[in-house]
Amino acid sequence: IPDAYGYHNGLITHPSPTTLNTGLAKVTINRSQPTFSSVFYFHGRYYRLRGKFDQNWRWAGEVFGGRGYPTITLDMTFTHNVDQGWNEVVGTVEGPDGTSSFVAPVAPHLEVGNPSPEEGPYTAITDASASPDADTPGGYGYMVGKVTHYGRLHLTGRAGDGMTIGRGTASVYIRPDKTVPFFMFTNYFVDGLPKQRASMLGDLGFRDLAGISDLDGNVDWYKPPGAYSTRFRWFREYYTGGFTMRDVPLLGSRYDEAAGLGATEVAVSGANLPHEMTDTADFTPGDMSFGGTSVLARKWYPRDGWFIGNYLHPGMVTARGRMMWAVCYGVCFQKQDIAAGVALGKDEVGMLLAE
């Protein structure tokens, strides 16, 4: 086996996937081989493990969950994939919902002065607009992030139901075939206990699709029934019946703060609105803004390409009968020359689109 040192990451999958039997495996084999450190995002939490492979480059045993979470059984082996020409860690994870498996290829070794070709800032969207349904979010989730000099992808933002996508789980290394395992989970509460979490996962690939994206793939999105958030009061009633959405497109675009967009109109739809709302938009570099009377940009973050806005919602009124300003979020997606995001309604999440 060639030099084992490196960062390995891959999705944890199951033949009958749910939010509790899928996840993400991150295994770092240290320079002091064969010791390793690892994090497994599985069954709604993360399991940390440090250890040492045996003489056959295998480790097997139980990993304690703690704080009311189950103990899992892990069996993994470091090996060299002769067909692909790279090292990888393969294994199984057994929990209360069955036995899942993972394959985690090593990330390429990149030194100072030899940056990843994908290095730079990105924005990304998840597009669920093709399947609008009262029981599922219909619109665009959004993310901002970057690929580092050493080929590590960081993404953070909001899913299509408005909940936060954390940087920790969505921080992964690009693999030798230019793919990355995307995974995030969001902390929800069921009966007051943080034991159920929504998750989103899928393999993404870096490639230049003219006028479409620089990063693309499909993700599966699971949210358990009865889940709600206590962190933000306005998310509590969104899609508490749970949902499963398969093959949701996730697209990424390189982002250039100085480039701007050609979009001239912004529209908000869904979100319990009786009809689509439109307003003017100006995405001039250095002076991005949109709206005038019904849709407004409240705060721009031009360095990362995202914004927070408000729109007048006719279905949300004060005690005096005045329309309330609802919240919307989004990003500039320069590959398609649009801006897209989510609009929060009374008990439904809609979409924002500028083009």
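By convention here, each chain's residues receive numbers from 1 onward along its written sequence. Where local features are concerned, this predicted model is filtered to residues with pLDDT of at least 70; where side-chain atom pairs are given and counted, the filter is 80 or more; whole-chain, interface and lining totals use all residues. Excluded from the side-chain calculation are hydrogens and water; included are all heavy atoms of the structure.

(A) Inspection of the sheet that holds strand S8 (residues 98–105) at higher detail. The strand order across the open sheet formed by eight strands is S4-S3-S2-S1-S8-S7-S6-S5, and the pairing between neighbours is antiparallel. In this open sheet, the two edge strands, each paired with only one partner strand, are strand S4 (45–52) and strand S5 (58–63). When the angles between neighbouring strand axes are averaged without regard to direction, this sheet yields 20°. Note on pairing: two strands pair once DSSP finds at least 2 bridges between them. Under the DSSP-based scheme used, a helix requires at least four consecutive residues in state H or I and a strand at least two consecutive residues in state E, with every element numbered from the N terminus. Between the N-to-C directions of two axes lies an angle of 0 to 180 degrees, each axis being a line fitted to C-alpha atoms and, for a helix, fitted only over the stretch in contact.

(B) How the structure looks around the nonpolar core. Here the nonpolar core consists of buried residues drawn from Ala, Val, Leu, Ile, Met, Phe, Trp, Tyr and Cys, with membership extended through side-chain atoms lying within 4.5 Å. A simple rule labels every residue: compare its accessible area, found with a 1.4 Å probe on the protein chains alone, to the largest value its type can have, and call it buried under 20%, exposed over 50%, or partly exposed in between. Residues Phe182 and Phe206 are the most contacted members of the largest nonpolar core, which totals 51 residues. In this analysis, two residues are considered to be in contact whenever any of their non-hydrogen atoms come within 4.5 Å of each other. Beyond its immediate sequence surroundings of up to four residues, Phe206 is in contact with Glu118, Tyr122, Val147, Leu153, Ile174, Lys178, Val180, Asp214 and Leu215. Leu49, Trp57, Ile72 and Val93 belong to the second-largest nonpolar core, a separate cluster that totals 23 residues.

(C) Just unusual backbone geometry, in detail. One non-glycine residue, Ala271, adopts positive backbone phi at about 55°. With respect to the element layout, Ala271 can be found in the loop between strand S18 (265–269) and strand S19 (277–282). Phi is positive for Asn272, which is not a glycine, with a value near 65°. Residue position: Asn272 is located in the loop between S18 and S19.

(D) Quick peek at the packing of aromatic side chains. The aromatic pairing rule takes the rings of Phe, Tyr and Trp, using the six-membered ring of Trp, and pairs them if the centres are within 6.5 Å, calling planes under 30 degrees apart stacked, those over 60 edge-to-face and the rest tilted. Enumeration according to the criterion identifies 14 aromatic pairs in this entry. Judged by centre distance (4.6 Å) and plane angle (15°), the ring pair of Tyr7 and Tyr173 falls under stacked. A residue pair is termed long-range when its members are at least 10 positions apart, and Tyr7 in strand S1 (residues 6–13) and Tyr173 in strand S13 (residues 171–173) qualify at 166 residues. Taking the centre distance of 5.0 Å and the plane angle of 50° together, the rings of Trp57 and Phe78 count as tilted. One end of the pair, Trp57, is in the loop between S4 and S5; the other, Phe78, is in strand S6 (residues 72–81), with 21 residues separating them in the sequence. The two residues Trp57 and Phe78 agree in class, both being buried.

(E) Structural detail: the side chain of Ser38. The topology assignment puts Ser38 in strand S3 (residues 35–42). Once residues within four sequence positions are removed from consideration, Ser38 is found in contact with Lys26, Val27, Tyr47, Arg48 and Leu49.

(F) Region of the structure containing the confidence of the model for the protein chain. Per-residue confidence from the predictor is given as pLDDT, running between 0 and 100. Here the protein chain averages 84 in pLDDT, while 86% of its residues score no lower than 70. Between residues 230–235, whose pLDDT stays under 50, and residues either more than four places distant or in other chains, the model counts ten contacts.

(G) The pairing of strand S11 (residues 152–158), seen in detail. Burial analysis of S11 places five of its seven residues in the buried class, the great majority of the element. Both strand S10 (residues 140–147) and S11 contribute to a ladder of six bridges, which runs antiparallel. By the bridge assignment for S11, Val144 is matched with Thr156. In this antiparallel pair of consecutive strands, S10 and S11, the connection spans four residues, and Gly151 shows a positive phi of 85°. Relative to S13, S11 runs antiparallel, the two sharing three bridges. What sits directly across from Arg152, in S13, is Tyr173. As paired elements, S11 and strand S12 (residues 164–165) share two bridges and run antiparallel to each other. Within S12, the position partnered with Gly157 by the bridge is Ile165.

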